[in-house]
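# Observations on chain architecture
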Amino acid sequence: MTSAPKGTIYGVGVGPGDPELVTLKALRILRAAPVVAYPAPLDGDSFARAIVAQFLSGAQREIVIRVPMVPERFPAQDVYDRAAREIGAEAAAGQDVAVLCQGDPFFYGSFMYLFSRLAAEFHVDIVPGVSSLTACAAASRSPLAARDETLTVIPATLDAAALERRLAGVDAAAIIKLGRHFAKVRDVLLRLGLAGRARYVERASLPNQRILALADIDAAAVPYFAMILLGGPNRPGEGER
Ligand SMILES: C[S@@+](CC[C@H](N)C(=O)[O-])C[C@H]1O[C@@H](n2cnc3c(N)ncnc32)[C@H](O)[C@@H]1O
């Protein structure tokens, strides 16, 4: 007896927030998939799902991957074990599954935890998405990296000493995962004399997008979906101000 062919699991990048930044390929796959999975906080809605909500048929089975956002529990191995089992069961039964990933799946995306659990047994395709890096550069109206600059991506979750080491002498840079780490990052930038090169971008590509100078930001109100971009030191009009 031959068993039914396995379904394909897609890691689908849905972009930074604006539904018009969903790629044609992502749209085709997520419309055709009978099963759609996505991460969501323990309480509350999934950002990735909200981006593509208007494209879902209503008839698709949805798998919600509730991920605790508490750092001590991260990466929440049991959550991804369970989600991988559920997604794998659908694929084993011949169903294609589209796993929605905010931005790009392989740029700091939690999809990597599912990929590592599923790729040996199932066919897993990655559909790249518009990343927050390029969306924030576009929003800030300033290139992400130019000419012979080296672009460095730094998670704000590092401690102040590590941030200082990575930022000392940096060229172009993106400091991501700001949220509650903003005040620490701003202190380091001020200490290193880099504040004048910094552009803060919040919720890029969404209607409530904001671009602010560091001095104008209320540290207590900085959301997780925010980053600081630094232009290289030798850009015309963008050097130390
Ligand atoms: C875990 S990373 C995921 C990045 C995502 N996979 C991507 O390709 O953009 C989350 C961080 O990306 C940045 N980010 C994602 N979307 C953003 C947006 N629309 N505006 C500003 N920053 C964003 C924030 O720094 C956030 O803390």
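Report follows, based on the coordinates.

### What about the sheet that holds strand β1 (residues 8–13)?
- Pairing is parallel in the open sheet, where five strands are placed in the order β3-β2-β4-β1-β5. The sheet is open, and its two borders are formed by β3 (61–67) and β5 (123–127), each paired with just one other strand. Averaged over all pairs of adjacent strands, the angle between their axes in this sheet comes to 25°, without regard to strand direction.
- Direction of pairing for β1 relative to strand β4 (residues 97–101): parallel, over a ladder of five bridges. Opposite Y10, over in β4, you have A98 as the bridge partner.
- Helix α1 (residues 24–32) contacts β1, β2 (35–41), β4 and β5 of the sheet and is inclined by roughly 135° relative to β1.
- Across the sheet, helix α3 (residues 77–92) lies against β1, β2, β3 and β4, angled at about 165° from β3, the strand it touches most.

### What to know about the environment of P128
- Inspection of the secondary structure assignment puts P128 in the loop between β5 and α5 (132–140).
- Separated by 90 residues in sequence, P128 and D218 place their C-alpha atoms 33 Å apart.
- When neighbours within four sequence positions are excluded, P128 is seen to be in contact with G13, T23, D104 and P105.

### Here we look at the packing of α3 against helix α4 (residues 111–118)
- The geometry of α3 relative to α4 is characterised by a closest axis approach of 9 Å and an angle of 60° between their N-to-C directions. The angle between α3 and α4 falls in the class oblique. Considering how the two elements wind past one another, α3 and α4 form a crossing that is right-handed. Along its contact with α3, which presents Q77, Y80, D81, A83, A84, I87 and G88, the element α4 presents Y113, L114, R117 and L118.

### Quick word on α4
- For α4, the set of buried residues is F111, L114 and L118. Along the long axis of α4, the arc covered by the buried residues comes to 65°, so they all point the same way.

### Details of unusual backbone geometry
- The phi torsion at R141 lies on the positive side, around 55°, for a residue other than glycine.
- Inspection of the secondary structure puts R141 in the loop between α5 and β6 (151–155).
- Assessed through its relative accessible area of 77%, R141 is described here as exposed.
- Look at S205: it is not a glycine, yet its phi comes out positive at around 80°.
- By the element assignment, S205 lies in the loop between β8 (198–202) and β9 (210–212).

The rules behind these values
Residues numbered from 1 in each chain as written. Predicted model: local features only at pLDDT ≥ 70, side-chain atom pairs only at ≥ 80, totals over all residues. Heavy atoms only, no water. Pairing = 2+ DSSP bridges. Helix = DSSP H or I, 4+ residues; strand = E, 2+ residues; numbered from the N terminus. Axes fitted to C-alpha atoms, helices over the stretch in contact; angles between N-to-C directions. Contact = heavy atoms within 4.5 Å. Parallel < 35°, antiparallel > 145°, perpendicular 65-115°, else oblique. Left-handed = near helix turned anticlockwise from the far one by under 90°. Buried < 20%, exposed > 50% of the residue type's maximum accessible area, 1.4 Å probe, protein only. Arc of directions from axis to C-beta.

In short, the description is geometric, and any link to function would need to be established separately.
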